[in-house]
Amino acid sequence: MASTVNESIETRLFINGKFRASSSNKTFEVVYPYTKEVVAQVQEADIQDVEDAVTAANAAFPAWRDMGTDKRGAYMRKLSQLILESNNELAKLETLSTGRPISQFVDASLAAEFFGYFAGAGWTTQGTASLNTPDHLNLTVKQPYGVVALIIPWNFPLIMFAGKLAPALAAGNTVVLKSSEKAPLTSLYVAKLIEKAGFPPGVINIISGFGNPTGAALASHMAVRCISFTGSTATGQKIQAAAANSNMKHVHMELGGKSPAIIFEDADLETAAAQTQFGIQFNSGQVCAANSRIYVHESVAEQFIKLFREKFSAVRMGDPLDPTTSHGPQIDILQYNKIEEYLAIGEKDGTLTLGGDADDGLFVRPTIFEDVAEDSRLMQEEAFGPVVAINTFSTETEAIEKANNSEFGLYAAVFTKDLDRVVRLAKALDAGTVGVNCTSPTSAKDTAFGGFKMSGNGREGLLYSLDNFLETKSILIKT
Ligand code: NAD
């Protein structure tokens, strides 16, 4: 299927309400992973552009803060509607930039929902009041930080964009958002919708560029008071250090994972196989919460692995723009090479029982390793591909110990029908989210989503994200 590139793709920076070239006029390529065709040459923001974006956001802040929740919400509702109306364009741009099958795209409606929900959620940013101290009325209130920086990854660009931008704006902040250098096109497309929705200039600035210099300049900028980051743990550490070494800006981190799924002997094995197959195969395994480690009770291991293997090997590889494709290529050669390295580690530290080979089209076939050494890098590090390690256990204690034997703690799944066991496991597992009989990659709509340990700090979700963008202030009034 041809991936005809639309001439109207926006490639410039969006600063102070206007599209413009970068100061250096430097560009970088966005490549369709399936054909390796160059889809767009995108303007790369340099230090001067970061400066201009932060200056614009700073200037726009007082009026945006003081405008009030209803007026801010009206702009956001308009944007929500425009995103919904652009579903097809956004689906195509996202597929062209990331190679994720278009059949998996539901992201425009989720993004629209974020803006729709947060349009009214500003009213919930309330504090407390007390008359307990003699002769005082004491108030504790919430207020925006000012200029916040949002830095997002490439694996779900539109959802990450909306999931951070909507609450940041609703809280009354102004924003500089840097998209991933691998997938900047949907952010730029929405910038056009932001212009159409009539947001005041400078409230939202969208820049494209690499970690260095663009992201690093934002992370250390003295006028940025808060940074919300989603990406790898290694980058999170750099951003945290840059924040500490500049102005101690508030930092919120959603980082990597090495999520376990535990399958007990009483589990519905059909459900467990279907859920864990989805968990590791969706978006070709390029999901933060992907269950890349499966622990199955030894008494049902053979049965479970047979079911899992059937489902995992039944995927349809092909052109991601073809709606019948269910398994796309990895996003680029860097990601592909990284996975190949883990395939070699798996062959050394375990037994390959499915897949294992990758071909030159950036596709990695669904891959299973069994009996992998627990201290193997394959068990401890994020491969970010359709590669799963399956080990067995004999007791509940052993399963918990193995699952928790990780520096990550994003998501843990448990498959069982025993309610007492569910309660014990939910308490014992070191994970921001415990899925019982499910591996949903995100629970951000009606619960909090985020990580324990090196998977991050802070939480995102409809009811939780606002807090990442609000300062708490106490006001003491002596009577
Ligand atoms: P990455 O860390 O390489 O890049 C993420 C973003 O950080 C990009 O925009 C990049 O340009 C920027 N960046 C890189 N170096 C920087 C620096 N020194 N200063 C400032 N910004 C910098 O991650 P990625 O490869 O884009 O995304 C995949 C990772 O994201 C995986 O580890 C995945 O688990 C994680 N992720 C986590 C969640 C979550 O909710 N926990 C969700 C999606 C992805």
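This text follows the structure it describes.
In short, a report on the structure. Starting from 1, residues in each chain are numbered consecutively following that chain's sequence as written. Local features are withheld for residues below a pLDDT of 70 in this predicted model, meaning they are given only at 70 or higher, and side-chain atom pairs are given and counted only at 80 or more; totals for whole chains, interfaces and linings count all residues.

Moving on: the overall build of the protein chain. What the protein chain contains, in helices and strands, is 14 helices and 22 strands. Every radius of gyration here is taken over C-alpha atoms, with the globule rule written as 2.2 Å times N^0.38, N being the number of residues. Against the 2.2 N^0.38 benchmark of 23 Å for 479 residues, the protein chain shows a C-alpha radius of gyration of 23 Å, consistent with a compact globule. Reported as C-alpha extents along the three principal axes, the dimensions of the protein chain are approximately 70 × 65 × 40 Å. Partly exposed residues are those whose C-beta has more than 12 but fewer than 20 other C-beta atoms within 10 Å; 20 or more makes a residue buried and 12 or fewer makes it exposed, with C-beta atoms placed from the backbone. The buried share of the protein chain, reckoned over its 479 residues, is 53%. Helix and strand assignments follow DSSP, with helices taken as H or I runs no shorter than four residues and strands as E runs no shorter than two, numbered in order from the N terminus.

Now for the site of the ligand. In the vicinity of the ligand lie 30 residues, with P153, G211, G215, G231 and T235 positioned nearest. When contributions to the shell around the ligand are tallied by element, the ones reaching two or more residues are α7 (211–219) and α8 (233–245). Sorting elements by how many residues they give to the shell around the ligand places α7 first, with five residues. Its residues assigned to classes, the shell around the ligand shows 12 nonpolar, 13 polar and five charged. Defining nearness, a residue is near a molecule or strand when the C-beta atom obtained from its backbone falls within 6 Å of it. Following the grouping adopted for this structure description, the nonpolar residues are Ala, Val, Leu, Ile, Met, Phe, Trp, Tyr, Cys and Pro, the charged ones are Asp, Glu, Lys and Arg, and the polar ones are all others, Gly among them.

Right, let's talk about the sheet that holds strand β18 (residues 411–415) for a bit. Hydrogen bonds along the backbone pair up the strands of a sheet, which may run parallel or antiparallel. Only when DSSP finds a minimum of two bridges between them are two strands counted as paired. Read from one edge to the other, the open sheet built from seven strands follows the order β14-β15-β16-β13-β12-β18-β19, with strand pairing classed as mixed. Looking at which strands have only one partner, the edges of the open sheet turn out to be β14 (351–354) and β19 (433–436). Put simply, the sheet's adjacent strands are angled 25 degrees from each other on average, direction ignored. Direction of pairing for strand β12 (residues 260–263) relative to strand β13 (residues 293–297): parallel, over a ladder of four bridges. Counted as the bridge partner of I262 is Y295 from β13. In this fold helix α10 (residues 301–312) packs onto β12, β13, β14, β15 (367–370) and β16 (387–393), with an angle of close to 145 degrees to the strand it touches most, β13. Lines fitted to C-alpha atoms define the axes here, with helix axes fitted over just the stretch in contact, and angles between the N-to-C directions of these axes take values from 0 to 180 degrees. The contact criterion used here is simple: two residues whose C-beta atoms, placed from the backbone, lie within 7 Å are in contact.

Below, the discussion takes up helix α6 (residues 185–197). Helix span, as expected, comes to 1.5 Å for every residue beyond the first. In a regular helix each residue adds 1.5 Å, so 13 residues correspond to 18 Å; α6 covers 19 Å between its end C-alpha atoms and thus fits that length. When you tally the buried positions in α6, you get 10 out of 13 residues, the bulk of the element. Following α6 by one or two positions, G198 adopts a phi angle in the positive range, close to 80 degrees.

At the junction of N212 and P213, the peptide bond is cis and its omega measures out at 5 degrees in the coordinates. On the secondary structure map, P213 appears in helix α7. Backbone geometry at M248 places phi at a positive 55 degrees, although glycine is not the residue there. With respect to the secondary-structure elements, M248 resides in the loop between α8 and β11 (250–254). Overall, M248 belongs to the exposed group, with 9 C-beta atoms counted inside 10 Å. Of note, L362 is a non-glycine position whose phi angle comes to about 70 degrees, a positive value. In this fold, L362 is placed in the loop between β14 and β15. Judged by C-beta crowding, with 22 C-beta atoms within 10 Å, L362 ranks as buried.

Following the sequence through the fold, S394 ends up in the loop between β16 and α13 (396–404). A sequence separation of 98 residues divides S394 from V296, and the C-alpha atoms of the two residues are 8.6 Å apart.

Spatial ordering of the open sheet is given by β5-β6-β22, a layout of three strands whose pairing is antiparallel. Lying at the two open borders of the sheet, with one neighbouring strand each, are β5 (128–130) and β22 (470–478). Mean inter-strand twist for the sheet, computed between neighbouring axes without regard to direction, equals 15 degrees. Relative to strand β6 (residues 136–144), β5 runs antiparallel, the two sharing three bridges. Within β6, the position partnered with S130 by the bridge is N138.

Moving on, we get to the nonpolar core. Take the buried Ala, Val, Leu, Ile, Met, Phe, Trp, Tyr and Cys residues, join any whose C-beta atoms are within 7 Å, and the set you get is a nonpolar core. By size, the foremost hydrophobic cluster in this structure holds 145 residues, and its most contacted members are V148 and I227. Top element by residues in this core is helix α5 (residues 157–170). It accounts for 10 residues. Ignoring anything within four residues of it in the chain, the contact list for I227 reads V148, A149, I151, A219, I239, A243, K249 and V251.

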